[in-house]
Amino acid sequence: MKPRRVVVAGLGLVLLSGCGLFSPPKDTVADHFSPPLAYPGPAWEKDGRSIDPEELNTVAGPDHCDWQSVVMMHLGWPLGTVSRTVEQSRQFIRDPDGSIEGLRGQLMTSVELPTDARDTGYHLDELELWLSPSEPDGVYLRIGNDVERWPRADPVVACA
């Protein structure tokens, strides 16, 4: 009789997973963007409130440009700005396949946070966004011990 209970419990997890009620843990930065979501992307938070997507968003690159593996972060600038124009934001790119040229550096995985890096207070579940004054051309995303540095796109990257 006990094996049936295990099978039923296992089947319940499979059913919950298939319905989107259960999702595997997100232990790495990459897990949070696998796959990247279309605009408005996942809901970031700060100080217990949801953030307007024009203040911070992380969205998939457009399929029609074959950038579906790319994550584009748009961050209102100065920090906390709800951007209404491209001049009021900065763009950072997670491009694991090297699809986009002209970035101010490359995606760096498994890095250490710079000593002057500070948590911005923005988070997506356990994922945190950090900035470093000594490295203005990148942002750091951290979950536990996993840290990635995403390079800045300047000018902003878009495709037609």
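This is a predicted model, so every value here is computed, not measured.

### Looking at the overall build of the chain
Then, in step 1: A count of helices and strands for the chain gives 2 helices and 10 strands.
Then, in step 2: Overall, the chain shows an N-to-C arrangement of helices and strands of α-α-β-β-β-β-β-β-β-β-β-β.
Then, in step 3: Excluding contacts between residues fewer than 6 apart, the proportion of contacts in the chain whose partners are at least 24 apart in sequence is 51%.
Then, in step 4: Here the chain has roughly 9400 Å² of accessible surface; of this, 54% comes from carbon and sulfur atoms.

### Some details on the state of the cysteines
Then, in step 1: In this structure the tally under the stated criterion is 1 disulfide.
Then, in step 2: With a sulfur-sulfur separation of 1.8 Å, Cys 65 is cross-linked through a disulfide to Cys 159. Where Cys 65 bonds to Cys 159 through sulfur, the torsion about that S-S bond is close to 105°, and the disulfide is right-handed. Pair noted here: Cys 65 is in the loop between β3 (56–60) and β4 (71–76) and Cys 159 is in the segment after β10 (146–153), with a separation of 94 residues, a long-range link.
Then, in step 3: Looking at Cys 159, the relative accessible area reads 25%, which means it is partly exposed.

### Some remarks on the environment of Gly 105
Then, in step 1: Among the secondary structure elements, Gly 105 is positioned in the loop between β5 (89–94) and β6 (108–109).
Then, in step 2: With 32 residues separating them in the primary sequence, Gly 105 and Asp 137 have C-alpha atoms 7.9 Å apart.

### Some points on the pattern of salt bridges
Then, in step 1: If you walk through the whole model with that rule in mind, you get 7 salt bridges.
Then, in step 2: A salt bridge links Arg 104 to Asp 137, with the nearest nitrogen and oxygen atoms 3.0 Å apart. Here Arg 104 is found in the loop between β5 and β6, whereas its partner Asp 137 is found in the loop between β8 (127–131) and β9 (138–143), with 33 residues between them in sequence.
Then, in step 3: When the shortest N-O distance is used, the salt bridge between Asp 154 and Arg 104 registers 3.0 Å.

### Structural notes on the side chain of Thr 120
Then, in step 1: For Thr 120, the location among the structural elements is in strand β7 (residues 118–124).
Then, in step 2: The class for Thr 120 is buried, based on a relative accessible area of 10%.
Then, in step 3: A polar contact of 3.2 Å, which involves the side chain of Thr 120, links it to the backbone nitrogen of Tyr 122.
Then, in step 4: A polar contact is formed between the side chain of Thr 120 and the backbone oxygen of Leu 129, at a distance of 2.7 Å.
Then, in step 5: Excluding its chain neighbours within four sequence positions, the residues that come into contact with Thr 120 are Lys 46, Leu 79, Leu 129, Trp 130 and Leu 131.

Definitions and cut-offs
Residues numbered from 1 in each chain as written. Predicted model: local features only at pLDDT ≥ 70, side-chain atom pairs only at ≥ 80, totals over all residues. Heavy atoms only, no water. Helix = DSSP H or I, 4+ residues; strand = E, 2+ residues; numbered from the N terminus. Contact = heavy atoms within 4.5 Å. Areas by Shrake-Rupley, 256 points an atom, 1.4 Å probe, with all protein chains shown as cover. Disulfide = S-S within 2.5 Å. Buried < 20%, exposed > 50% of the residue type's maximum accessible area, 1.4 Å probe, protein only. Salt bridge = Lys/Arg side-chain N within 4 Å of Asp/Glu carboxyl O. Polar contact = N/O pair within 3.5 Å; in protein donor to acceptor, adjacent residues only side chain to side chain.

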